[in-house]
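Structural features, examined
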Amino acid sequence: MTPHRPDVTELPTAAPKSGALRRAGRIAVPTLALLVAAFSARYFTLDPDTFLAEQRTVYLAHLAPLLLHVGGGVLALSLGPLQFLPGLRARRPALHRRTGRAYVLATAALGVGGLLIAPHGLHPPLSPLGFALLDVLTLTSTALGVHHARRGRTAAHRRWMLRSYALIFTAVTFRLWLVLLSSTGLPAAVVYTSGAWASWILNLAVAEKLLRGAPAAGPVTVTVREA
């Protein structure tokens with residue numbers, strides 16, 4: 001028989017787990033992110049009635065860091081899901097890099113604005129401390145993602161950017177926490193303060209679980225020779 005050139009086939013290192021749940025997550029995460037981003041963007045109307053009633057005076061007194069924080073959050077929430085689309089990375093790497101830079105700048109604005117306004121938050125000292133730590137971790141994980149990208153460490157870059165977006169997604173989980181626990185009869189201060197910590201800790205736990213379940217070194221390349 002006529003010899004053929006080797007056929008190279010890529011096989012995943014592990015079968016995907018909970019496929020239906022993952023597919024649901026791929027739909028739910030960007031949908032919720034865009035909804036919260038749209039809801040938060042109303043702050044740019046500068047209408048005091050859109051501000052949290054308990055924080056209205058504080059927000060008006062610290063409008064610049066508030067808008068820096070909200071603007072960065074709206075952009076980062078919206079751009080984040082695009083960065084995890086393998087098709088975009090493979091077919092449009094230049095677009096992936098451009099949106100990635102915009103995401104990093106948005107995250108920087110979010111984190112710096114958040115750190116400036118956190119000391120004036122509700123229910124001190126625990127709630128402001130929880131949000132301040134969230135901002136520090138968001139800035140750190142994003143910076144590490146950029147660091148690894150510049151050195152060509154793609155796997156490490158993706159791991160840190162997943163952690164970064166998990167922290168950004170706290171904007172969603174914190175609101176869900178408030179909605180769900182407000183109906184339990186717990187004091188508002190307890191619901192708010194626990195959410196200031198639990199919402200981002202839960203997100204990081206989910207991210208770490210996803211990272212542990214992901215292939216460590218990407219697909220295995222198998223060479224098949226035909227005679």
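A brief structural summary. Since the model is a prediction, treat every value here as computed from it, not as a measurement.

1. Remarks on the packing of aromatic side chains
- Scanning the model with the defined rule gives 10 aromatic pairs in all.
- Geometrically, the ring pair formed by Tyr 43 and Phe 51 is tilted, given 5.2 Å between the ring centres and 45° between the ring planes. Across this residue pair, the class does not change: Tyr 43 and Phe 51 are buried.
- Connected via pairs of aromatic rings, a cluster forms that spans Phe 84, Tyr 103, Tyr 165 and Phe 169.
- The ring of Phe 39 has Arg 42 lying over it, and the distance from NZ or CZ to the ring centre is 3.9 Å.
- A cation over an aromatic ring shows up here: Arg 163 above the ring of Trp 160, its NZ or CZ 4.4 Å from the ring centre.

2. Notes on the pattern of salt bridges
- A full pass over the atoms with the stated rule returns 1 salt bridge.
- Where Glu 208 meets Arg 163, a salt bridge forms, and the shortest distance between an N and an O atom there is 2.5 Å. With Glu 208 in helix H9 (residues 188–213) and Arg 163 in helix H7 (residues 154–168), this residue pair connects regions lying 45 residues apart in the sequence.
- On the accessibility criterion, Glu 208 (26% relative accessible area) is partly exposed.

3. Overview of the packing of helix H8 (residues 170–182) against H9
- Here H8 crosses H9 at 135°, and the two axes come no closer than 9 Å. Considered as vectors, H8 and H9 are oriented oblique to each other. The chirality of how H8 crosses H9 is right-handed. Of H9, the residues touching H8 (which contributes Thr 170, Thr 173, Phe 174, Trp 177, Leu 178, Leu 181 and Ser 182) are Val 191, Tyr 192, Ser 194, Gly 195, Ala 196, Ala 198, Ser 199, Trp 200, Leu 202 and Asn 203.
- The class makeup of the residues in the contact of H8 with H9 is 10 nonpolar, 7 polar and no charged.

4. Topic: H8
- Taking 1.5 Å of rise per residue, the 13 residues of H8 would be expected to cover 18 Å, and the 17 Å separating its terminal C-alpha atoms lies within 8% of that figure.
- Those residues of H8 that sit buried are Thr 170, Val 172, Thr 173 and Phe 174.
- Summarising the contacts, the buried residues of H8 are in contact with helix H1 (19–40), helix H3 (63–83), helix H6 (126–150), H7 and H9.

5. Focus on a positive patch on the surface
- A grouping of Arg 92, Arg 97, Arg 98, Arg 101, Arg 150, Arg 151 and Arg 153 is seen on the molecular surface, where their side chains present a positively charged patch.
- Given the relative accessible area of 47%, Arg 92 is considered partly exposed.

6. Here we look at the nonpolar core
- The biggest cluster of nonpolar side chains holds 21 residues, and the ones touching the most others in it are Leu 66, Leu 77, Tyr 103, Tyr 165 and Ile 168.
- Sorting the residues of this core by element identifies H1, H3, helix H5 (93–117) and H7 as the ones contributing at least two each.
- Not counting residues within four places of it along the chain, the set of residues in contact with Tyr 103 comprises Ala 76, Leu 79, Gly 80, Thr 142, Met 161, Ser 164, Tyr 165 and Ile 168.
- Judged by nonpolar contacts, the second largest core, of 8 residues, contains Leu 167, Phe 174, Tyr 192 and Ala 196.

7. What to know about the side chain of Gln 83
- Mapped onto the elements of the fold, Gln 83 is located in helix H3.
- For Gln 83, a relative accessible area of 12% gives the class buried.
- Side-chain polar atoms of Gln 83 contact the side chain of Thr 99, separated by 2.4 Å.
- Excluding anything up to four places from it in sequence, Gln 83 contacts Arg 89, His 96, Thr 99 and Gly 100.

Scoring rules and cut-offs
- Per-chain numbering applies: the sequence of each chain, read as written, is numbered from 1 onward.
- With the structure being a predicted model, the display of local features is reserved for residues of pLDDT at least 70 and the display and counting of side-chain atom pairs for 80 or more, all residues being used for whole-chain, interface and lining totals.
- Only hydrogens and water are set aside when side-chain values are computed; all heavy atoms of the structure are taken into account.
- Each aromatic pair joins two rings of Phe, Tyr and Trp (for Trp, the six-membered one) with centres within 6.5 Å, and gets the label stacked for planes under 30 degrees apart, edge-to-face for over 60, and tilted for any other angle.
- Only protein chains enter the accessibility calculation, which uses a 1.4 Å probe; a residue is then buried when its area is under 20% of its type maximum, exposed when over 50%, and partly exposed in between.
- Counting as a charge over the ring demands two things of the Lys NZ or Arg CZ atom: a distance within 6 Å of the ring centre and an angle within 35 degrees of the ring normal.
- Definition used for salt bridges: Asp or Glu carboxyl oxygen within 4 Å of a side-chain nitrogen of Lys or Arg.
- Each helix corresponds to a stretch of at least 4 residues labelled H or I by DSSP, and each strand to a stretch of at least 2 residues labelled E; elements are numbered beginning at the N terminus.
- A fitted line through C-alpha atoms serves as each axis, taken over the contacting stretch for helices, and the angle formed by two N-to-C directions is quoted from 0 to 180°.
- Every angle not falling under 35 degrees, over 145, or within 65 to 115 is termed oblique; those three ranges are roughly parallel, roughly antiparallel and roughly perpendicular.
- For a crossing to be left-handed, the near helix must be turned anticlockwise from the far one by less than a right angle; the clockwise case is right-handed.
- Every residue pair with non-hydrogen atoms within 4.5 Å of one another is taken to be in contact.
- Each residue gets one label: Ala, Val, Leu, Ile, Met, Phe, Trp, Tyr, Cys and Pro are nonpolar, Asp, Glu, Lys and Arg are charged, and the others, such as Gly, are polar.
- Helix span is expected to be 1.5 Å times the residue number reduced by one.
- Like-charged residues are merged into a patch within 9 Å and nonpolar side chains (Val, Leu, Ile, Met, Phe, Trp, Tyr) within 5 Å, provided each residue has over 30% relative accessible area and no salt bridge.
- Under the convention used here, a 1.4 Å probe and the Shrake-Rupley method define accessible areas, while residue burial counts only the protein chains that appear.
- Lys and Arg are tallied as positive, Asp and Glu as negative. Neither His nor the chain termini are counted.
- Note that the charge is assigned to NZ on lysines, CZ on arginines, CG on aspartates and CD on glutamates.
- The criterion is simple. A nonpolar core is a set of buried Ala, Val, Leu, Ile, Met, Phe, Trp, Tyr and Cys residues joined through side-chain atoms within 4.5 Å.
- Polar contacts here mean pairs of N or O atoms no more than 3.5 Å apart (in protein, one a potential hydrogen donor and the other a potential acceptor; neighbouring residues in sequence count only if both atoms are side-chain atoms).

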